[in-house]
Amino acid sequence: MASKDPVIIHDPNQLAWQTIAGRAIADPKDLPDRLKAPPGAAAVCRAYPMSVNPYYLSLIQAPGDPLWRQVVPDARELSGTLTDDDPLTETAQSPVPGLIHRYPDRVVVLVSGRCPVVCRFCFRKRLAGRAAASLTDDQVDAAAAYVRAAPAVREVIFSGGDPLMLEDDKLCAALEKFAAIGHVETLRIHTRTPVALPQRITGDLVVLLKKFLPLYVNVHVNHPREITAPAEAACARLADAGIPLGSQTVLLAGINDDAITMEALMRALLRIRVRPYYLHHPDVVKGTGHFRPPINRGLSVMRSLVGRVPGMAVPRYVIDLPGGGGKVPLLPDYVVSSETGHLVVKNYQGKVFVYPEK
Ligand SMILES: *Cc1c(COP(=O)(O)O)cnc(C)c1O
Ligand code: SF4
């Protein structure tokens, strides 16, 4: 089975991931004194669960820092003006429980409601961190039956919650059911564990995942400080197993919506063999409005990346349309004017060029 590579074990206490997850703080009053929760946090937790595991907690340096703000409840979650907890109409686009079918050729299966940490800005705030939102075996069977009867579906994306919070046997059983469908060409897992609970990426898990190639793993990462030695080791083990890694980052007001932080994050991802994939503008989800920067901010962050960092490190900046319209990429405008026969454009330095069309 798994080689016992010494690089694997980075947790100082060498605890199993289940133990680390099991020791997550779920009540603001249990935060260490140095990281006091803000007033109102307890009331927030009655609406939206809190969960900060000891590993992620160890990365937080001070109250209000970019990691603290991602996971510590904030009273604004209850007072915002957004009212819809499912603006992307995922529930309406769900032909069977836990399966979202929006694009013709791919489906999302919300296999697990559990998360390595509960992110306050989560666009699935209605589900995240709730074990009860995990699918039962029968529901996984029903989702697989739906895909079997839908020959246009070529990719199954496991999401949640976090699919890697399932135990290996459950995860393997779910992957097997979809991998066995003839027209399913690729599988994909969306997970935050490599950076929020890197101990989850065990030797056994990697052996298990390797059986399902072509399998893609997209890692949800939001800040350069999440890219620690253990996170790097977790990604290395996945990459070494032949699993292509991509990233998903949420543009978060005051956390990573500036050129310096985003550049550091994208370069760090490339360095650990994670190819930047999406930079998501936060969705219009109830309880998360205080995380939403203006679109212009995202465009200016993109402008700061394009041309200045390797193209491999430039993610696609996307909005996801309310009403279930899907993702739309946004780019800063490089075209100054378009005239017959030529295009006037600005390059990454802001210099103007005329590009002949013929
Ligand atoms: C984002 C998303 C996908 C995957 O989209 P890609 O562009 O292939 O990454 C699929 N289905 C739903 C419902 C989604 O929200
Ligand atoms: S963003 Fe992912 S890990 Fe974070 S709460 Fe949402 S589903 Fe869970």
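Residues numbered from 1 in each chain as written. Chains lettered and ligands numbered in written order. Predicted model: local features only at pLDDT ≥ 70, side-chain atom pairs only at ≥ 80, totals over all residues. Heavy atoms only, no water.

**A short note on the UniProt feature "binding site: [4Fe-4S] cluster" (unreviewed entry) in the protein**
Now for step 1: The UniProt feature table records "binding site: [4Fe-4S] cluster" (unreviewed entry) at Cys115, Cys119 and Cys122. Residues from the annotated list that form part of the lining of the largest pocket: Cys115, Cys119 and Cys122.
Now for step 2: With respect to the secondary-structure elements, Cys119 resides in the loop between β2 (106–112) and α6 (137–148).
Now for step 3: Beyond its immediate stretch of four places on either side in the chain, Cys119 contacts Gln70 and Arg192.
Now for step 4: You can see Cys122 is positioned in the loop between β2 and α6.
Now for step 5: What makes Cys122 buried here is its relative accessible area of 18%.
Now for step 6: With residues near it in sequence (within four places) discarded, Cys122 still touches Ala128, Val285 and Thr288. (UniProt positions renumbered as here; feature names shortened; annotations may be inferred. 1 Å grid on protein atoms, 1.4 Å probe; cavity = no way out; pocket = protein on both sides within 12 Å on 5 of 7 lines; lining within 4 Å. Helix = DSSP H or I, 4+ residues; strand = E, 2+ residues; numbered from the N terminus. Contact = heavy atoms within 4.5 Å. Buried < 20%, exposed > 50% of the residue type's maximum accessible area, 1.4 Å probe, protein only.)

**Some points on the site of ligand 2**
Now for step 1: All residues in the neighbourhood of ligand 2 are listed as Cys115, Val117, Val118, Cys119, Cys122, Ala128, Gly161, Arg192 and His220.
Now for step 2: Comparing atom positions with the cavity grids shows ligand 2 to sit within the largest pocket.
Now for step 3: Here the shell around ligand 2 is built from residues that sort into 6 nonpolar, 2 polar and 1 charged. (Near = heavy atom within 4 Å. Sits in = over half its atoms within 2 Å of the grid points. Nonpolar A, V, L, I, M, F, W, Y, C, P; charged D, E, K, R; others polar.)

**Structural notes on the environment of Arg69**
Now for step 1: Positionally, Arg69 belongs in helix α4 (residues 68–71).
Now for step 2: For the pair formed by Arg69 and Arg120, sequence separation is 51 residues and the distance between their alpha carbons is 7.9 Å.
Now for step 3: For Arg69, the contacting residues outside a window of four places in its chain are Gly64, Arg120, Ala253, Gly254, Ile255 and Phe291.
Now for step 4: Within the local environment of Arg69, its side chain forms a polar contact with the backbone oxygen of Ala253, the two atoms lying 3.4 Å apart. (Polar contact = N/O pair within 3.5 Å; in protein donor to acceptor, adjacent residues only side chain to side chain.)

**Topic: the side chain of Asn347**
Now for step 1: Take Asn347: it is sitting in the loop between β11 (342–346) and β12 (352–356).
Now for step 2: At 2.8 Å, the side chain of Asn347 and the side chain of Gln349 are in polar contact.

**Some remarks on the site of ligand 1**
Now for step 1: The environment of ligand 1 is formed by Ile100, Arg102, Tyr103, Arg106, Val108, Ile157, Arg188, Tyr277, Tyr278, Asp320 and Lys327.
Now for step 2: At 2.8 Å, a side-chain N or O of Arg188 approaches an oxygen atom of ligand 1.
Now for step 3: In this structure, an oxygen atom belonging to ligand 1 sits 2.6 Å away from a side-chain N or O atom of Tyr277.
Now for step 4: With the chains in place, 91% of the 380 Å² that ligand 1 exposes on its own is no longer accessible.
Now for step 5: Under a 2 Å grid-point criterion requiring more than half of the atoms, the pocket assigned to ligand 1 is the largest pocket.
Now for step 6: At 3 residues, strand β1 (residues 99–103) tops the list of elements feeding residues into the shell around ligand 1.
Now for step 7: Classifying every residue of the shell around ligand 1 by side-chain character gives 6 nonpolar, no polar and 5 charged. (Areas by Shrake-Rupley, 256 points an atom, 1.4 Å probe, with all protein chains shown as cover.)

**What about α6?**
Now for step 1: Here α6 is 12 residues long and its end C-alpha atoms lie 16 Å apart, about the 16 Å a rise of 1.5 Å per residue gives.
Now for step 2: Every buried residue belonging to α6 is among Val140, Ala143, Ala144 and Val147, and all of these are buried. With its buried residues spanning 100° around the axis, α6 presents them on a single face. (Expected span 1.5 Å × (residues − 1). Arc of directions from axis to C-beta.)

**Points about the sheet that holds strand β10 (residues 335–339)**
Now for step 1: As summarised here, the arrangement of the 3 strands in space is β10-β11-β12, forming an open sheet in which the pairing is antiparallel. The sheet terminates laterally at β10 and β12, the two strands that pair on one side only. On average, each strand axis in the sheet is tilted by 15° relative to the strand beside it, whichever way the strands run.
Now for step 2: Note that β10 and β11 share 4 bridges and pair antiparallel. Note on β11: the bridge partner recorded for Ser338 is Leu343. (Pairing = 2+ DSSP bridges. Axes fitted to C-alpha atoms, helices over the stretch in contact; angles between N-to-C directions.)

**Things to note about the state of the cysteines**
Now for step 1: Applying the stated rule across the entire model yields 0 disulfides.
Now for step 2: Of all cysteine sulfurs in the structure, the one in Cys119 sits closest to Cys235, which takes part in no disulfide; the separation is 16 Å.
Now for step 3: Taking relative accessible area as the criterion, Cys235 reaches 1% and is therefore assigned buried. (Disulfide = S-S within 2.5 Å.)

**Some points on the packing of helix α11 (residues 259–271) against helix α12 (residues 295–305)**
Now for step 1: Contact pair α11 / α12: the axes reach a minimum separation of 9 Å and the direction vectors enclose 55°. Relative to α12, the element α11 lies oblique. The way α11 lies across α12 gives a crossing that is right-handed. Between α11 and α12, the residues in contact are Ala259, Met262, Glu263 and Met266 and Val301, Ser304 and Leu305, respectively.
Now for step 2: Of the residues belonging to the contact of α11 with α12, the class tally is 5 nonpolar, 1 polar and 1 charged. (Parallel < 35°, antiparallel > 145°, perpendicular 65-115°, else oblique. Left-handed = near helix turned anticlockwise from the far one by under 90°.)

**Quick notes on the nonpolar core**
Now for step 1: By size, the foremost hydrophobic cluster in this structure holds 62 residues, and its most contacted members are Val156, Leu175, Phe178 and Leu209.
Now for step 2: When residues no more than four places from it in sequence are discounted, the contact partners of Phe178 are Val109, Val140, Ala143, Ala144, Val147, Val156, Phe158, Val184 and Leu187.
Now for step 3: By size, the runner-up hydrophobic cluster in this structure holds 28 residues, among which are Met50, Tyr55, Ile60 and Leu197. (Core = buried A, V, L, I, M, F, W, Y, C linked by side-chain atoms within 4.5 Å.)

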